[in-house]
Amino acid sequence: MKTHFSTAFFLFIVALSVPLFWGCKKDPYQAKTYFSQAEQDTLLANIITYTSQYARGATNATRFESKFRQEYVGRLSQYKLVNYFIAPDSTHYFFITRPVGSGMFRRGVGGKFKLGPKQMPTEYEELWCTPHFKEETVVLERGGFLFKAMTKEGNIDKYLTMKMYVEWPDSTLKYDKNIHEWVPRNNLAIPLK
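Residues numbered from 1 in each chain as written. Predicted model: local features only at pLDDT ≥ 70, side-chain atom pairs only at ≥ 80, totals over all residues. Heavy atoms only, no water.

Moving on, we get to the pattern of salt bridges. The final tally for this structure, using the stated rule, is eight salt bridges. Linking Glu181 and Arg63 is a salt bridge whose minimum nitrogen-to-oxygen distance equals 3.4 Å. One end of the pair, Glu181, is in strand β6 (residues 181-184); the other, Arg63, is in the loop between α2 (37-51) and α3 (69-73), and 118 residues separate them in sequence. For the pair shown, Glu181 and Arg63 are each scored as buried. Arg106 serves as the salt-bridge partner of Glu136, at 2.6 Å between the closest nitrogen and oxygen. Here Glu136, found in helix α4 (residues 136-153), pairs with Arg106, found in strand β3 (residues 105-115); they are 30 residues apart in sequence, far enough to count as distant. For Glu136, a relative accessible area of 25% gives the class partly exposed. Linked through salt bridges whose partners overlap, the residues forming this network are Arg56, Glu71 and Arg75. (Salt bridge = Lys/Arg side-chain N within 4 Å of Asp/Glu carboxyl O. Helix = DSSP H or I, 4+ residues; strand = E, 2+ residues; numbered from the N terminus. Buried < 20%, exposed > 50% of the residue type's maximum accessible area, 1.4 Å probe, protein only.)

Here is the structure:
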């Protein structure tokens, strides 16, 4: 009788523990799996420095200077690091949402980089931008689809014709990895933010 009770009690404890341990499994597509909140904020501010309009007085060559840092950090509340994944080859993939224009619209941006010291991306490249939408839910749905494709295949090449999902790259714009800007395909060197 005592053995039966001990076995039943053990099985009861195991049954209660399974959901607890199952719930503790970390999502490999969330930044919090890899970084503390402070590290996520630093990383997002660094991504903002690449992807947003230049700080007042900054240029492409000077935007990473410390005197402009506070302006980029001040934009954190307007951006969201939605998904994040570190591949086995140490490529970091990201999906953020950001404001467009006056902030009435939002768009998704996805890309990849290697991570340097102080959460600073190196070899930074944006692989896609969604069209801009008023509804954040549409940006999240379409960007989420592209993010999953990007992490599985390393690119979204087969989805480039889906114009309701991918605004850039297209027949007119491409991402220039050297200057970290979207530029016209005719190479007029007119960066677009």
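Still more ground to cover, so stick around.
Before going further, it helps to examine the side chain of Arg63. Under the relative-accessibility criterion, Arg63 is labelled buried at 2%. At a separation of 3.4 Å, a polar atom in the side chain of Arg63 contacts the side chain of Glu181. (Polar contact = N/O pair within 3.5 Å; in protein donor to acceptor, adjacent residues only side chain to side chain.)

Counting 24 residues, the largest nonpolar core has Leu81, Tyr84, Phe94 and Ile96 as the members making the most contacts within it. Of all the secondary-structure elements, those providing two or more residues to this core are α2, β1 (80-86), β2 (92-100), β3, β4 (121-129) and β5 (173-176). At five residues, the largest contribution of residues to this core is made by α2. Dropping the residues within four chain positions of it, Ile96 is found in contact with Leu44, Ile47, Thr51, Tyr79, Lys80, Leu81, Val82, Arg107, Gly108 and Val109. Of all hydrophobic cores here, the second largest spans 15 residues; its members include Phe95, Trp128, Tyr159 and Tyr165. (Core = buried A, V, L, I, M, F, W, Y, C linked by side-chain atoms within 4.5 Å. Contact = heavy atoms within 4.5 Å.)

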